[in-house]
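What follows is each chain in one-letter form.
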Amino acid sequence: MTTTTPGPPAVRGAVGVAHTRVEGRDKVTGAARYAGEIPFADLAHGWLVLSTVTRGRILDVETAPVLGMPGVLTVLHHGNAPRLNTDYLGLLGTPPDPTCAVFQNDRVPFAGWPVALVVAETPEEAREAAEALVVTYDQEPHDTALVDDHPDAYPAAGHMPAETEKGDLEDRLAASAFVVDARYTTPEEQHSMMEPHAATARWDGGRLEVVDSNQGTGWVQSELAAMFSLDASSVRVRSEHIGGGFGSKGLRAHQVSAVMAATALQRPVRVVLTRRQTFSLGGYRSPTTQRIRLGADPEGRLMALEHLSLNQTSTVYEFVEPSAGVARVMYDAEAHRTANHVVRLDVPSPTWMRAPGEAPGSFAIEAALDELATRAGVDPIELRLRNEPDVGPVSGLPFSSRNLAACFREGARRFGWADRDPRPGTRRDGRWLLGTGTAAASFGAGAAPSTALVTAEADGSFTVRIAAADIGTGARTALTLIAADALGTAPGNVRVRIGDSDFGPAMIAGGSMGTRSWAWAVTAAAAELRERLAVTTSIPPEGITVRSDTTEALGTLAQKERHSYGAQFAEVAVDIATGEVRVRRMLGIFAAGRIVNPLTARNQLVGGMTWGISMALHEEAVRDRNSGGHYAPDLAGYHVATHADVPDIEADWVDDHDPDDPVGIKGIGEIGIVGAAAAVANAVWHATGARHRNLPIRPDRVLAAAAVSDSAGAGGGAADA
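Owing to the predicted nature of the structure, the values given are computational and were not obtained by experimental measurement. (Residues numbered from 1 in each chain as written. Predicted model: local features only at pLDDT ≥ 70, side-chain atom pairs only at ≥ 80, totals over all residues. Heavy atoms only, no water.)

Digging into the sheet that holds strand β22 (residues 544–549)
In space, the 4 strands of this open sheet follow the order β21-β20-β19-β22, with mixed pairing throughout. The open sheet has two free edges, formed respectively by β21 (494–497) and β22, since each of these has just one partner strand. When strand polarity is set aside, the average angle formed by the axes of neighbouring strands in this sheet is 15 degrees. Where strand β19 (residues 451–456) and strand β20 (residues 462–465) come together, 4 bridges link them in antiparallel fashion. Among the inter-strand pairings, T455 is bridged to a residue of β20, identified as T463. (Pairing = 2+ DSSP bridges. Helix = DSSP H or I, 4+ residues; strand = E, 2+ residues; numbered from the N terminus. Axes fitted to C-alpha atoms, helices over the stretch in contact; angles between N-to-C directions.)

If you want it as structure tokens, here you go:
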């Protein structure tokens with residue numbers, strides 16, 4: 001074992017050069033198999049039955065008629081399922097979400113709660129039987145509505161302090177030349193990954209094996225071991241190819257129920273969630289309601305900043321969408337207050353979703369800054385540059401690097417910002433009103449302890465083994481390039497194996513920390529292997545293997561504010577007769593450390609920006625207050641941006657070097673979405689003169705804002721939406 005801090009590799013050449021994905025051919029030809037496609041002998045299929053009421057108790061599960069249907073093997077429910085251990089803290093330092101600990105009691109805390117699993121010989125038989133299963137409930141009144149100033153809201157910490165405060169906020173607001181006080185809302189959003197959740201469980205020689213689609217095999221392994229009271233070494237989780245995750249693919253009900261059924265039947269059992277089931281069982285981004293108060297001096301420099309955020313959580317599990325955390329990193333003021341609050345409702349548990357906190361939080365704070373710039377008569381970019389902090393606004397720590405200004409300057413040059421007429425509603429193209437907007441972005445650049453194994457094979461090639469997860473980001477390719485440079489060889493001589501908990505603990509694919517954490521471990525192992533090869537005259541047939549562990553090295557890293565940054569620019573066209581909004585072009589310039597693979601990096605940034613357009617204009621999961629369930633929980637009713645919505649989108653980056661960082665890699669999976677929705681919303685204001693503080697900017701909201709503007713005779717800028 002080694003805790004070596006990686007030094008510069010002897011040979012460089014692969015990193016920084018565009019490479020196609022090493023598994024690309026397998027994916028486009030179908031050779032790459034996903035969790036729901038891998039064959040097993042004697043495979044049975046499970047189908048989850050979800051509650052049709054929003055709150056209450058299960059009175060009866062009528063299993064007898066279903067057990068007599070063709071192919072049905074068993075029906076698991078709270079009356080016969082094994083008892084699970086939930087008295088432990090998981091990877092994130094919290095108890096498990098009871099939604100995952102299925103069939104443990106008769107309570108129903110939300111619509112879509114798992115109440116039974118029907119297992120049959122074929123998926124068709126399982127589904128037919130599941131739909132025939134009669135469950136009787138004692139229904140109770142429910143509350144699913146997130147509203148401003150909910151009386152049951154309370155401060156909640158999550159992974160950061162619930163509240164921060166310095167200075168006298170009311171005094172500084174009263175002394176300010178310009179004040180913005182506005183509320184912003186974002187709706188519930190769904191992950192909508194291409195591949196729904198799927199898992200197959202089986203017992204093999206006394207060892208539990210789960211083939212899954214997840215963002216961290218070690219994560220799922222540790223959770224299953226704890227929940228089923230097993231030794232971690234007796235559980236193996238594999239997840240080779242994942243069709244997207246965005247934060248939703250941790251431990252879920254389908255894995256636990258598959259293990260239960262495989263244990264009961266002593267044969268492999270596969271459980272796959274339908275698209276509709278993912279709406280209640282896959283997690284989601286909580287809706288938020290946020291209040292921003294800004295006070296500035298005559299030059300637009302902030303004197304007071306308050307960012308308050310409220311999100312919903314379930315009655316059985318607390319999850320915080322830390323939207324107010326954005327202001328703690330981005331902007332300082334003499335008086336500075338932030339707070340994240342939650343309210344427990346009869347809804348499914350929210351979870352991490354691409355740029356949790358930063359995506360909805362940046363919409364509110366960056367839209368409010370745009371309003372402040374208008375009131376102060378200062379260009380929106382200049383206002384942000386005037387408010388660049390010297391140290392972390394809350395932490396007081398120095399920045400490792402903060403190249404946000406470089407992003408804005410390069411972006412403004414390429415976007416043609418200097419030619420922009422700041423007056424709203426002045427540009428037209430036929431029936432379309434045109435406008436441009438901008439916003440800043442940031443996302444943390446962290447790392448977590450990881451281990452890696454690197455083997456020098458007897459044939460001169462190298463094998464890297466690490467429990468990483470490639471959820472579509474190109475991580476497998478990035479690690480191949482990093483390993484090749486660290487070993488001083490060509491990428492073709494490196495074989496990277498990932499997605500297996502047997503490879504040892506490693507960071508999950510999340511928080512934009514995956515590639516950074518894994519690269520550190522791979523580089524450390526490669527550095528020691530090179531040293532050993534330098535004094536070895538021959539390689540034995542079984543090869544030479546080195547294992548790294550970065551736990552100790554991470555502890556020596558200086559405490560600083562480490563983040564990726566970006567400047568987002570958008571041009572929109574708005575038809576106020578139909579309410580249609582089109583994003584004509586979009587540009588993002590980012591400072592994201594050392595770019596490993598420009599091809600997949602640009603793919604990730606453009607993907608994030610596209611999601612930002614989707615967030616601004618389309619995405620909205622709506623609940624029926626009477627039933628507590630979703631309207632149209634599928635991709636027909638839940639709209640996401642498509643190619644037709646993204647005619648011209650470009651992402652690029654500036655140099656961003658941290659001399660104290662031995663890895664130099666920052667995450668790029670999430671920074672692309674941050675600020676994107678705000679840039680679009682600010683552009684819609686510039687086009688129409690109407691402020692849209694509630695996402696998405698639907699046609700009906702555009703029409704309503706236009707009607708308010710017309711009735712007020714305000715023309716260029718008084719209307720709100």
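From this point, the discussion proceeds with the structure in view.
Observations concerning the sheet that holds strand β5 (residues 114–120)
In spatial order, the strands read β3-β5-β1-β13-β10-β11-β12; together these 7 strands make up an open sheet with mixed pairing. Only two strands of the sheet have a single neighbouring strand rather than two, namely β3 (72–77) and β12 (235–238). Within the sheet, the average angular offset between the axes of one strand and its neighbour, ignoring direction, is 20 degrees. In the sheet, β3 pairs with β5 via 5 bridges, with the strands oriented antiparallel. Within the sheet, the bridge partner assigned to T74 lies in β5 and is V119. Where helix α3 (residues 123–132) meets the sheet, it contacts β1 (44–50), β3 and β5, and its direction lies at approximately 25 degrees from that of β1. (Contact = heavy atoms within 4.5 Å.)

Brief notes about the packing of aromatic side chains
Inspection of every chain in the model, using the stated rule, returns 8 aromatic pairs. With a centroid separation of 5.9 Å and 90 degrees between ring planes, the pair formed by Y184 and F363 is classed as edge-to-face. Of this pair, Y184 sits in strand β9 (residues 178–186) while F363 is found in helix α9 (residues 358–376), placing the two residues 179 residues apart along the sequence. Of the aromatic side chains, those joined through ring pairs into one cluster are F408, F415, W417 and F569. (Phe/Tyr/Trp six-rings, centres within 6.5 Å; stacked < 30°, edge-to-face > 60°.)

Describing the confidence of the model for the protein chain
The share of residues in the protein chain with pLDDT of 70 or more is 97%, and the mean pLDDT across the chain is 95. Confidence over residues 1–11 falls short of pLDDT 50; this stretch has 22 contacts with residues more than four positions distant or in other chains. Across residues 714–718 the pLDDT falls below 50, and counting only partners more than four positions away or on other chains, this stretch makes 8 contacts in the model. (pLDDT = per-residue confidence, 0-100.)

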